[in-house]
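Fold and geometry: a report
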Amino acid sequence: PSTPKSLFVMEFPGDIQASQLNNLREEVTAVIRNAKPGDEALVVLQSGGGTVTGYGLAAGQLVRLKEAGLFLTMAVEQVAASGGYMMACVADRIVASRFAVLGSIGVISEIPNAYERLKQEGM
């Protein structure tokens, strides 16, 4: 007789800083410690993205699940954009509602430009 498989469900309601990262890290660690071969993980993702560092680290936590041998599914009901999309791309399977927004929406970057100010000051 085959052993019943477990499905570990986690939620990641991401914000711009990916401040849920510590919770995700703890949940992933608990899943890895308790998972048996053939078990699966499901992450319910809701994120418009944010910082590269925060979401990169969050994606790294999901990679830990895959390295532990779990099949990873990402479920998106509304949006997984930018860093959220980066997280979703780690998965073996992405399941999304019909009108969910998935994909990269671009990158916002600030680069100081002091040229005009220096010009005003005669420099």
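Let me begin by describing the structure that accompanies this report. (Residues numbered from 1 in each chain as written. Predicted model: local features only at pLDDT ≥ 70, side-chain atom pairs only at ≥ 80, totals over all residues. Heavy atoms only, no water.)

**Details of the environment of Val76**
Which entries qualify depends on this criterion: Only DSSP runs of H or I covering at least 4 residues are called helices, and only runs of E covering at least 2 are called strands; the numbering of each starts at the N terminus.
Topologically, Val76 is positioned in strand 3 (residues 71-81). Sequence separation between Val76 and Arg98 is 22 residues, and the spatial gap between their C-alpha atoms is 9.8 Å.

**Focus: the packing of aromatic side chains**
Spelled out, the test is: Under the pairing criterion, centres of Phe, Tyr and Trp rings, with the six-membered ring standing for Trp, must be within 6.5 Å; the plane angle then separates stacked pairs below 30 degrees from edge-to-face pairs above 60, leaving the rest tilted. For the exposure calls, accessible area comes from a 1.4 Å probe over protein chains only, and a residue counts as buried if that area is under 20% of its type's maximum, exposed if over 50%, partly exposed in between.
The tally for this structure, following the rule as stated, stands at 1 aromatic pair. With a centroid separation of 6.0 Å and 75° between ring planes, the pair formed by Phe12 and Tyr55 is classed as edge-to-face. Taken together, the positions of Phe12 in strand 1 (residues 7-13) and Tyr55 in helix 2 (residues 52-67) put the pair 43 residues apart, joining distant regions of the chain. On the basis of relative accessible area, Phe12 is assigned to the buried category, the value being 1%. We classify Tyr55 as buried; its relative accessible area is 0%.

**Comments concerning helix 1 (residues 21-34)**
Because an α-helix packs 3.6 residues into every turn, residues spaced three or four apart end up facing the same way. Our working rule: Each helix should span, by expectation, one fewer than its residue count multiplied by 1.5 Å. Throughout, the arc means that of the directions going from the helix axis to the C-beta atoms. Two residues qualify as a contact provided that any one of their heavy atoms is within 4.5 Å of a heavy atom in the partner residue.
Between the first and last C-alpha of helix 1 there are 20 Å, a value that for 14 residues agrees with the 20 Å anticipated at 1.5 Å per step. Within helix 1, burial applies to Leu21, Leu24, Val28 and Val31. Each buried residue of helix 1 lies within a common arc of 85° when the element is viewed along its axis, so the set occupies one face. The exposed residues of helix 1 that point more than 90 degrees off its buried face are Glu26 and Arg33. Buried-residue contacts for helix 1 involve strand 1, helix 2 and helix 3 (83-88).

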